[in-house]
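Letter by letter, the chains look like this.
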Amino acid sequence: MNIPTYFARFLKEIRLTENQVDDLIKGHTTLRNRLEEDEEISKIIVSTFLQGSYRRSTAVRPKGESRSDVDVIVVTKLSMEEYSNPEDALQKFVPFMEKHYAGKYEIQGRSIGISLSYVDLDVVITAAPSESEEGILESNSVTDLRSLEDIETWSLKKSWEVLNETMDSSSVLKTYSNVNEPEWKSVPLWIPDREAEEWKQTDPLAQIKWTQEKNKSCNRHYVNVVKALKWWRRLNNVPKYPKGYPFEHLIGMCCPDDIQSVGQGVTEVLEKIVSDYSTKPIMPDHGVPDHDVMARVSDEEYKDFYEIIKEAAVIARKATDATTVKESAEAWNELFGSKFKLPETSNSISKESSGSFSARVDHIPDEIKGGRFG
């Protein structure tokens, strides 16, 4: 049974709040402005752009006292030959961090983490791209700061731009790009890895592009399937891994195209993992096939993860096959916790929950209609 109104309300409960999004924008905008205005560090910067779950529209609301986080890619002019020791490249940013974020930053394995009172920032620096790649990395299509849900027609073209902040009938921003201009192919970027003591490749633009196309092939339900399952994973956080992007990548590999609802996607993803991935898979990253996104997950962790997936798949199937709204909502509530509301007793939903209107779907408010919210 498909109960889109319940899913719409659930997704609204687990999405970042407006205040959290404002905090993210404030944090990364301040950082990027400081980088561009810094007398020394600005000399080695080509461009900055956002990556990660916020950019891909797969972020969920932080739990408890945790803060929202955003990843900022800083494309530099640093040569890998000159900075053969990745540690030296990261140390290049220490004076800047001491000046603006003293006591609030930490040099991590592949990035610099900044913890503020209202947001966490992950600063990922890259080595110098080729001259031809600089044009791509400085373009509006790369440096635009909005998430995929706001700009579903995003493409890697020099001509691409957002038109006048105008929302179309689907509540997404209108964009323009020259249809005769071929789309750029993203290229991997090199980032410093202190632990491996070498530079490693990553391709965040390929991940963004893959997510956009998958969302389109899933009738705009894909990013909401990811959000729903990330929320479930947050409630079921033992074992600790896989989580974050490795889990999102696994969801992407298991989610069928042309799904008609978030509930269908969640159920079929869980069942696909159960049927096809009983042992830890090797999963080549988008854009960097030599990188296995599951490499840091141990076999033991995956074994325990698989056991909780099996239990979740049974509950999701019960919810999907339920014959009344009440039974379906109760099963989804069992899977997703209190954020997935149970049927009320004194409105139209309660009438559906009684089973007498089980075949009907109640009205979805305009503000939560469409792919943005399920």
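This text follows the structure it describes.
Described in the following lines is the structure provided in the data block. Remember, it's a predicted structure, so these values are computed and weren't measured experimentally. (Residues numbered from 1 in each chain as written. Predicted model: local features only at pLDDT ≥ 70, side-chain atom pairs only at ≥ 80, totals over all residues. Heavy atoms only, no water.)

## Describing the overall build of the protein
Quick reminder of the rule: Per the convention used, a helix needs a DSSP run of H or I reaching at least four residues, while a strand needs a run of E reaching at least two, with both numbered from the N terminus. Only protein chains enter the area calculation, which uses a 1.4 Å probe; residues under 20% of their type maximum are buried, those over 50% are exposed, and those in between are partly exposed. Contacts were defined at the residue level, with two residues in contact if any of their heavy atoms lie within 4.5 Å. A 1.4 Å probe and the Shrake-Rupley method give the accessible areas. Residues count as covered only by the protein chains that appear here.
Helix and strand counts for the protein come out as 14 helices and 11 strands. Looking at the protein residue by residue over its 374 residues, the buried ones come to 51%. Summarising the internal contacts of the protein: among those between residues at least 6 apart in sequence, 67% fall at separations of at least 24. Carbon and sulfur atoms make up 46% of the accessible area of the protein, which amounts to about 17500 Å² in all.

## Re helix α5 (residues 94-101)
Note the cut-off: Relevant arc is that of directions from the helix axis to the C-beta atoms, nothing else.
For α5, the full list of buried residues reads V94, F96, M97 and Y101. The arc that holds every buried residue of α5, seen down its axis, measures 155°, which confines them to one face. Residues P95 and K99 are exposed on α5 and point more than 90 degrees away from its buried face. For α5, the secondary structure elements touched by its buried residues are α2 (18-37), α4 (86-91), β3 (105-107), β4 (112-115) and β5 (120-126). Backbone geometry just after α5 places G103 at a positive phi near 80°.

## Some words on the pattern of salt bridges
What counts here: When a carboxyl oxygen of Asp or Glu is within 4 Å of a side-chain nitrogen of Lys or Arg, the pair counts as a salt bridge.
Under the defined criterion, the tally for this structure stands at 20 salt bridges. Two residues, D193 and R110, come together in a salt bridge whose shortest N-O distance is 2.9 Å. With a gap of 83 residues between them, D193 in strand β8 (residues 189-193) and R110 in the loop between β3 and β4 connect regions that are remote in the sequence. Relative accessible area serves as the criterion here: at 27%, R110 is assigned to the partly exposed category.

## Re the packing of helix α1 (residues 4-14) against helix α9 (residues 222-235)
Formally: Lines fitted to C-alpha atoms define the axes here, with helix axes fitted over just the stretch in contact, and angles between the N-to-C directions of these axes take values from 0 to 180 degrees. In these notes the angle categories are as follows: under 35 degrees is roughly parallel, over 145 is roughly antiparallel, 65 to 115 is roughly perpendicular, and the rest is oblique. Note on convention: near helix rotated counterclockwise from far helix by under a right angle means a left-handed crossing. Clockwise means right-handed.
Following both chains from N to C, one finds α1 and α9 inclined at 65°, their axes separated by 10 Å at the closest point. Relative to α9, the element α1 lies roughly perpendicular. Viewed along their axes, α1 and α9 form a crossing whose handedness is left-handed. Contacts between α1 and α9 involve F10, L11 and I14 from the former and N224, K227, A228 and W231 from the latter.

## A short note on the nonpolar core
We apply this condition: In this description, a nonpolar core means a group of buried Ala, Val, Leu, Ile, Met, Phe, Trp, Tyr and Cys residues linked to one another through side-chain atoms lying within 4.5 Å.
F10, L250, V266, W332, L335, F336 and F340 are the most contacted members of the largest nonpolar core, which has 50 residues in total. Counting residues per element, the ones that place at least two in this core are α1, α9, α10 (244-254), α11 (262-276), α12 (299-321) and α13 (325-336). The dominant element in this core, judged by the number of residues it contributes, is α12, at 10 residues. Here F10 is in contact with A228, W231, F336, K339 and F340, once residues within four sequence places are set aside. Grouped together as the second largest cluster of nonpolar side chains are 33 residues, L16, I41, A89 and I125 included.

## Observations concerning the environment of G113
In this structure, G113 sits in strand β4. Looking at G113, the relative accessible area reads 8%, which means it is buried. For the pair G113 and V124, spaced 11 residues apart in sequence, the C-alpha to C-alpha distance is 8.8 Å. The residues touching G113, leaving out its near neighbours within four places in the chain, are K104, Y105, E106, Q108, L121 and D122.

## Remarks on unusual backbone geometry
The phi angle of most residues is negative, glycine excepted, and most peptide bonds adopt the trans form. In this model, V238 is joined to P239 through a cis peptide bond whose omega is 5°. Its place among the elements puts P239 in the loop between α9 and α10. Following Y241, the chain continues to P242 via a peptide bond in cis, the omega torsion being 5°. The backbone of R220 sits at a positive phi, close to 70°, despite the residue not being glycine. One can find R220 in the loop between α8 (204-217) and α9. We note that D258 has phi near 60°; this positive angle belongs to a residue other than glycine. Assessed through its relative accessible area of 48%, D258 is described here as partly exposed.

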